[in-house]
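Listed here are the chains, written in short residue letters.
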Amino acid sequence: MLLQMIEKKREVLLCLGKTYGLTAEVTVKCSQELDHLLNLLSRTEEKPKSLIRQ
């Protein structure tokens, strides 16, 4: 589910960047949303590793 959300957001970001430019407010906001999703993914992938180390 999270990977699908990331892929969709990435597609939207590319479209916005082509349409409005990379520095447009709407593009930057979408980029920040993608960053948030990627951070969530990173955190979920790190949890099992930290459990193994203990």
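Residues numbered from 1 in each chain as written. Predicted model: local features only at pLDDT ≥ 70, side-chain atom pairs only at ≥ 80, totals over all residues. Heavy atoms only, no water.

**Concerning the overall build of the protein**
Thought 1: When you go through the protein residue by residue, the secondary structure sums to two helices and zero strands.
Thought 2: Taken over 54 residues, the protein has a buried fraction of 19%.
Thought 3: Summing over all exposed atoms, the protein offers an accessible surface of approximately 4,600 Å²; the carbon and sulfur share of this is 59%. (Helix = DSSP H or I, 4+ residues; strand = E, 2+ residues; numbered from the N terminus. Buried < 20%, exposed > 50% of the residue type's maximum accessible area, 1.4 Å probe, protein only. Areas by Shrake-Rupley, 256 points an atom, 1.4 Å probe, with all protein chains shown as cover.)

**Details of the nonpolar core**
Thought 1: Ile6, Leu13, Leu16, Cys30, Leu34, Leu37 and Leu41 together form the largest nonpolar core, which totals seven residues.
Thought 2: Of all elements in the fold, only α1 (2-20) and α2 (25-53) reach the threshold of two or more residues within this core.
Thought 3: At four residues, the largest contribution of residues to this core is made by α2.
Thought 4: If near-sequence neighbours (up to four positions away) are discounted, Ile6 is found in contact with Leu34, Leu37, Leu38 and Leu41. (Core = buried A, V, L, I, M, F, W, Y, C linked by side-chain atoms within 4.5 Å. Contact = heavy atoms within 4.5 Å.)

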